[in-house]
Amino acid sequence: MFRNFIYLKTQADCVWVERNEIDLTFSEFLKNNNICLDGGMGTDLQRLGLKPGENPEKWNITHPEIIIDIHRQYFEAGSNVVCANTFGANLFKFDAEELDAVIKAALENAKAARNSCGSCENKFIALDIGPTGKMLKPLGDLDFEDAVAVFAETVKLGVKYGADLVYIETMNDAYETKAALLAAKENCDLPVIVTNAYGDDGKLMTGASPAAMAALLEGMGADAIGANCSFGPKKLTGVVEELLEYSSVPVVFKPNAGLPKLIDSKTVFDVGAEEFAEDVAALVKKGVRVFGGCCGTTPEYIKALISKTDGLAPVPVTDKNLTVVSSYTHAVAFGGAPVLIGERINPTGKKLFKQALLNNDMDYILAEGIKQQEKGVHILDVNVGMPGIDEVKMLENTVLELQSVCDLPLQTDTSNINAMEAALRRYNGKAMINSVNGKEESIKAVFPLMKKYGGVAVALTLDDNGIPDTVSGRVDIAKKILIAAESYGISKKDIIFDTLAMTISADSSAATVTLEALERIRKELGCHTSLGISNVSFGLPNRDAVNSTFFALALSKGLSAAIMNPYSADMMKVYYSYNALAGLDENCGEYIAAAESFTVAAEPVAVKKSAAEPEIASNLQQSIIKGFKDKAAEYTGELLKSIPYLDIVNNEIIPALDKVGIGFENKTLYLPQLLMSAEAAKSAFEKIKEFTTVSGSAPAAKGCVVIATVKGDIHDIGKNIVKLLLSNYGFNVIDLGKDVPCRAVVDVVIEHNAHLAGLSALMTTTVPAMEETIKLLRKEAPFCKVVVGGAVLTYDYAMKIGADKYAKDAMETVRYAEEVIGNQ
């Protein structure tokens, strides 16, 4: 019923009126309607004869009649949007000429299907963009800009051949998602919807929560965001509910028909059409506005979904009015407990930090970030501006390096607009931007960058006339900045005002003006606030006492965030005490946990160190755990002067890797930390290899493991992670790469007498190739155990296709390798 009506909000009430029979754009239709997408093209093609390892996108050219018929069936079942068969169409899979032909044919096929349905009204065609199958630096070898360029070529061809919208889907890494969305925004003006593939922990493979993705994607201007693939509707309900809580744009849900199973040599999914439709419809009632099916769903599923949702009025999309920044793992929201922003990555007044910048000593800078995180800050301010360095290059590099070892959101702190853009473009998340002010020059420079890349700006209450001496003067500048932000399409929720703490040694009323302006902005304008606390005490003795008291006063006036020194015990006492007193610390739990650090011993206790080696060993383990590659190599070199290399491996490197691996398995650490630790261990092993090569005492490998991504699958992220970890644990790994024929795997296993083979597949269409490889191994190399992994696999499915072990992640593969051949 409601699919043919428009929702209008009037002063009197919310009413439904019949829609004029005119063609609407996708964006217009999205505003007032529930939208139904299509089902799983890949599994449809598999059902219709796509062979193991065969390229699905080439069917646009070789089997256009089948592709057209699939699209037609979805339109007739009730889909408003069908995705052109372009999921894997990119320059990593096709050359430029082939890519042009494939995308042209794909969109022509979708248009032909639409035209065959009679009326084309409210039927749209999406350019479908899936992941490249590669991991971006620093975790992989694909540069961010190269990823943007690859996606851009696909987007340009989609525009050229008439797509109505861009659909970016099944992304399991926040950084690659950003690259794809940026490519779309820079190369077309079509609507863009983005959905990610979340794991069973409710996060992306690289650790991002739904809230973090909502912040990133909404900030960059995605028209709708959501979740697809991975599991059936029930298992993804928590993910969708979190997206609905944080997103101020329409939420998309396109789950699988449950999990795949092998029955009578055929892949089937364990959630039927009726159950699927009921589960998705339940979330449409909660606010999902765009919905469909992924792997295993067919026109039958879409027809059932339409029958369950056709009478449901669209739930209005509301602005959640949340001020949020994010890293590649999590979001930090303003408005609850005060947010602490660590101030120590800044050369002002810090001789050692200045020298580290001049020497490009990144380990010193990274250690400063890690130490502040350990002290409890929520965001790191990053300022590297000083004479004698290239600030554009240094800020970009510092942001990248910090994000490789630390998962806190970052505040880019610079007045250099080129440095700001370089950092924002490469930043993995929604950054805090320090700063903009009331000067026209500043507004015109900062707000366009903020609109393009997303972010929350710290707005300083100063303008061309300087910093007002009065409260009203600073409030007026704040109002001016909000009006300017609105003209750029930037909401006030993404502006945090800094009313500028001035030194009281120069003006005794400075603190009072700052605090009163802060309070008025918080109450009258409804905006969040931030202050650089330590400025207030400049020139005074015992600055911590002044700073902490000023901090307490500011908190009582509604301060949302503070740029502060987390090493100050006085400041941290105020923070934890305030939260406990303001009802922001349940059962005073955080205060009690932090109280021990508040106690200062009457007399310092001297600690005797018996030898240098234990200290260096501890440093080596910490360097590996934190992901400091250069330091790990340095400490290993020192230890090799006095300790046998096998002792270093067994007593230092492997225990550090085990500690990180256990954290990863327990979901207290995520893939980026695991990989950066593995890279640090790799640098330590390389130092040992140099030593043993010279001494002629190179260690023997534990055993041989052959790994490959199966025929037809170009996604080798998981395999590459397994390779890195197995190598670090001492195995001889033979990596055959991606898209590997069955015969090639078996031949190499036999040649090297490998007792373990690892096979990876990301796509449902390539799992049959995995089964064929296992069958051939069983026939010709029965001595070889087989471990399998990949997003589309389950334990039951792995057992049905003949595998010995299903590994849900890379660490489980390492554990199995240790079990099978580790002690040979």
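Residues numbered from 1 in each chain as written. Predicted model: local features only at pLDDT ≥ 70, side-chain atom pairs only at ≥ 80, totals over all residues. Heavy atoms only, no water.

S.K.: Can you help me understand the side chain of R426 in this one?
M.R.: Tracing the chain through its elements places R426 in helix α15 (residues 417-426). The exposure class assigned to R426 is buried, which follows from its relative accessible area of 13%. In contact with R426, other than residues within four places in its own chain, are D143, F144, E145, Y175, K178, E396, L400 and Q403. (Helix = DSSP H or I, 4+ residues; strand = E, 2+ residues; numbered from the N terminus. Buried < 20%, exposed > 50% of the residue type's maximum accessible area, 1.4 Å probe, protein only. Contact = heavy atoms within 4.5 Å.)

S.K.: Would you take a moment to explain the confidence of the model for the chain for this structure?
M.R.: Here the chain averages 92 in pLDDT, while 94% of its residues score no lower than 70. In this model residues 600-613 is a low-confidence stretch, pLDDT under 50, and it forms four contacts with partners more than four residues away in sequence or in other chains. (pLDDT = per-residue confidence, 0-100.)

S.K.: Can you walk me through unusual backbone geometry in this structure?
M.R.: The bulk of non-glycine residues show a negative phi, and the bulk of peptide bonds are trans. The linkage connecting K137 with the following residue, P138, adopts the cis geometry, with an omega of 5°. Residue position: P138 is located in the loop between β5 (124-129) and α6 (144-160). Residue S435 is bonded to the preceding N434 through a cis peptide linkage, with omega at 25°. The residue S435 is located in strand β18 (residues 432-437) in this model. Of note in this structure, T170 is not a glycine but carries a positive phi near 60°. Note that T170 resides in strand β6 (residues 165-171). A relative accessible area of 13% means that T170 is categorised as buried. Look at K667: it is not a glycine, yet its phi comes out positive at around 65°.

S.K.: What should I look at first to understand the layout of surface pockets in this one?
M.R.: Where empty space is left becomes clear once a probe the size of a water molecule has been rolled over the atoms. Taken as a whole, the second largest pocket encloses approximately 1,200 Å³ of empty space. Residue lining of the second largest pocket: 38 residues in total, with F685, L724, S727, N728 and F731 positioned closest to the centre. Of all the secondary structure elements, the ones that give two or more residues to the lining of the second largest pocket are α24 (645-665), α25 (671-695), α26 (717-728) and β24 (732-735). Top contributing element to the lining of the second largest pocket by residue count: α25, with eight residues. Each residue belonging to the lining of the second largest pocket can be placed in one class, and the counts come to 20 nonpolar, eight polar and 10 charged. (1 Å grid on protein atoms, 1.4 Å probe; cavity = no way out; pocket = protein on both sides within 12 Å on 5 of 7 lines; lining within 4 Å. Points joined across faces, edges and corners; volume = space filled by probe spheres on them. Nonpolar A, V, L, I, M, F, W, Y, C, P; charged D, E, K, R; others polar.)

S.K.: Just to check I follow, could you spell out the environment of A552 for this structure?
M.R.: Relative to the elements of secondary structure, A552 occurs in helix α19 (residues 543-556). Sequence spacing of A552 and K573 is 21 residues, and the spatial spacing of their C-alpha atoms is 10.0 Å.

S.K.: Could you clarify how one ought to interpret the packing of helix α5 (residues 96-115) against α6 in this entry?
M.R.: If you want to describe how two helices pack, look at the angle between their axes and the distance between the axes. Relative to each other, α5 and α6 sit at 45°, their axes nearing to 9 Å. Judged by the angle between their axes, α5 and α6 are oblique. Seen from above, α5 lies across α6 with right-handed handedness. Judged by residue contacts, L99, D100, I103 and L107 of α5 engage E153, T154, L157, G158 and K160 from α6. Counted by class, the contact of α5 with α6 contains four nonpolar, two polar and three charged residues. (Axes fitted to C-alpha atoms, helices over the stretch in contact; angles between N-to-C directions. Parallel < 35°, antiparallel > 145°, perpendicular 65-115°, else oblique. Left-handed = near helix turned anticlockwise from the far one by under 90°.)

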